[in-house]
Amino acid sequence: MDKFTVFIVLFMAFYTKDVWCKSLNETDAGDDNKIVGGTDADITTYPYQAYLVLDDGRDQYECGGSIISEFYVLTAAHCLLSVRVQTVYVRIGSTNKNSGGTQYTSTTFYTHPQYNTRTYDYDVAIIQIDEGMDLDGFYARAITLVGLGNDPQDGVNMIITGWGNTSQGGTSSEILQVAQVPVVDRATCDDQIPATVTTRMFCAGFDAGGVDTCQGDSGGPAVSTRTGRQAGITSFGYGCAQPNSPGVYTRIGNINIRTYIMMMTGV
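Residues numbered from 1 in each chain as written. Predicted model: local features only at pLDDT ≥ 70, side-chain atom pairs only at ≥ 80, totals over all residues. Heavy atoms only, no water.

Help me understand the overall build of the protein chain, please; the structure alone is not making it clear to me.
When its secondary structure is counted, the protein chain shows four helices and 14 strands. Classification of the 267 residues of the protein chain by burial places 59% in the buried group. Here the protein chain displays about 10,400 Å² of accessible surface, and carbon together with sulfur accounts for 47% of that area. (Helix = DSSP H or I, 4+ residues; strand = E, 2+ residues; numbered from the N terminus. Buried < 20%, exposed > 50% of the residue type's maximum accessible area, 1.4 Å probe, protein only. Areas by Shrake-Rupley, 256 points an atom, 1.4 Å probe, with all protein chains shown as cover.)

The following block contains the structure:
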């Protein structure tokens, strides 16, 4: 089945429910999507992490992503649709976001047909690297995704990584950052933030705040410490690392999300 046919089938099959969403800012600005309260990390510990520069022909923006195969990088739909992205530059295999490793260029990317630009529901996208990426298994390696139906449980820690801002309204990091945040059950999260948390989402964060993703980390991976598999994609939040305001992640195990990824990539 070709990708256009898949797009139409999924569009007709999936129903979107409105939720709150946020916009994408330029690489050196913003205050909603980064690693706050993290520590310096080495790419060899998180070799699945990718750094994305999104070019709309006038400005450039940054997001995170994860390597899921030789030919595909997983990210958030809002990274590609909040602006009219024409080209994506993908750097893998480097701790430093601006140098080292290998950079690839892509003009082929797909967003979930039910992604809602106002709400961030179905916030998943795929970037295709036509020539394939050089995955040496040490500096660059694909991560295994959770299976269909996986729903992270309350209290399970998620590993979050990225080069985003290190404080709300601050600047992004040149060096990869890492932190861990516990999953917050969906009902509690729904009460804590002014948005409807759908079954295509899960939340993670501390009641006291202090640790979170932020601007520039959108699209990056949330990896379960229990399984070592990627369970989420950094999606949205209200501020960065605020008390009683957990970050929201696209839930990869949801049937609509996981099926889309499998159909588009074979992963």
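Mind showing me how you'd approach the pairing of strand β9 (residues 157-162) here?
Buried residues dominate β9, accounting for five of its six residues. Sheet topology places β9 next to strand β10 (residues 177-184); six bridges connect them, and they run antiparallel. By the bridge assignment, Ile159 is partnered in β10 with Gln180. When β9 meets strand β12 (residues 221-224), the two strands line up antiparallel, connected through three bridges. (Pairing = 2+ DSSP bridges.)

What is the right way to read the state of the cysteines from this model?
One way to say it: the disulfide is the covalent bond shared by the sulfur atoms of two cysteines. Taken as a whole and assessed by the stated rule, the structure comprises three disulfides. The disulfide bridge from Cys63 ends at Cys79, spanning 2.1 Å between sulfur atoms. A torsion of -95° about the S-S bond marks the disulfide between Cys63 and Cys79 as left-handed. Separated by 16 residues along the polypeptide, Cys63 in strand β3 (residues 60-67) and Cys79 in helix α2 (residues 77-81) bring together distant segments of the chain. With a relative accessible area of 0%, Cys63 lands in the buried category. Judged by its relative accessible area of 0%, Cys79 falls in the buried class. Cysteine pairing for the protein chain (bonded cysteines numbered in sequence order): 1-2, 3-4, 5-6. (Disulfide = S-S within 2.5 Å.)

I keep staring at a nonpolar patch on the surface and nothing clicks. Help me out?
A cluster of nonpolar side chains, contributed by Leu148, Ile255 and Met262, occupies part of the molecular surface with about 280 Å² of accessible area. As for its placement among the helices and strands, Met262 is situated in helix α4 (residues 255-265). Owing to a relative accessible area of 35%, Met262 belongs among the partly exposed residues under this scheme. (Patch = residues over 30% accessible without salt bridge, like charges linked within 9 Å, V, L, I, M, F, W, Y side chains within 5 Å. Salt bridge = Lys/Arg side-chain N within 4 Å of Asp/Glu carboxyl O.)

Is there a simple way to think about the confidence of the model for the protein chain in this case?
Any region with low pLDDT has predicted coordinates that should not be read closely. Per-residue pLDDT for the protein chain has a mean of 88; in total, 87% of the residues score no lower than 70. Contacts for the low-pLDDT stretch residues 3-25, under 50 throughout, to residues beyond four places or in other chains number 73 contacts. Segment residues 27-34 is flagged for pLDDT under 50; beyond a separation of four residues in sequence, or across chains, it makes 51 contacts in the model. (pLDDT = per-residue confidence, 0-100. Contact = heavy atoms within 4.5 Å.)

Looking at this model, I keep getting lost on the packing of aromatic side chains. Mind explaining?
Each aromatic ring pair is specified by the distance between its two centres and by the angle formed by the two planes. Per the stated rule, a full pass over the model turns up six aromatic pairs. Taking 6.3 Å as the distance between ring centres and 85° as the angle between the ring planes, the aromatic pair formed by Tyr46 and Tyr48 counts as edge-to-face. In terms of burial, Tyr46 and Tyr48 fall into one category: buried. Here Tyr51 and Trp163 contribute two aromatic rings whose centre-to-centre distance is 5.5 Å and whose plane-to-plane angle is 70°, an arrangement assigned as edge-to-face. You can see Tyr51 sitting in strand β2 (residues 49-55) and its partner Trp163 sitting in the loop between β9 and β10, a full 112 residues away along the chain. The residues Tyr51 and Trp163 share a single accessibility class, namely buried. Here a set of aromatic residues connected by ring pairs shows up, and it is made of Tyr115, Tyr120 and Phe236. (Phe/Tyr/Trp six-rings, centres within 6.5 Å; stacked < 30°, edge-to-face > 60°.)

How should I be thinking about the pattern of salt bridges in this particular structure?
Oppositely charged side chains can pair when the atoms bearing their charge come close. All chains considered together, the criterion is met by four salt bridges. In this structure, the salt-bridge partner of Asp121 is Arg200, at a minimum N-O distance of 2.8 Å. Separated by 79 residues along the polypeptide, Asp121 in the loop between β7 (108-111) and β8 (125-128) and Arg200 in the loop between α3 (186-192) and β11 (201-204) bring together distant segments of the chain. The two residues Asp121 and Arg200 agree in class, both being buried.

Sorry, what's going on with α4 here?
Working note: α-helix, 3.6 residues per turn, so residues spaced by three or four point in the same direction. By the burial criterion, the buried members of α4 are Asn256, Ile257, Arg258, Tyr260, Ile261, Met264 and Thr265. Taking the backbone nitrogen of Asn256 as reference, a side-chain oxygen 2.8 Å away marks Asn254 as the first, capping residue of α4. Gly266 lies just past α4 and shows a positive phi near 80°. (Polar contact = N/O pair within 3.5 Å; in protein donor to acceptor, adjacent residues only side chain to side chain.)

Mind showing me how you'd approach unusual backbone geometry here?
Residues apart from glycine generally show negative phi values, whereas peptide bonds are mostly found in trans. One non-glycine residue, Tyr122, adopts positive backbone phi at about 60°. Phi at Asn244 is positive, roughly 55°, even though this residue is not glycine. The residue Asn244 is located in the loop between β13 (230-236) and β14 (247-251) in this model. Judged by relative accessible area, Asn244 falls into the partly exposed class, the value being 39%.

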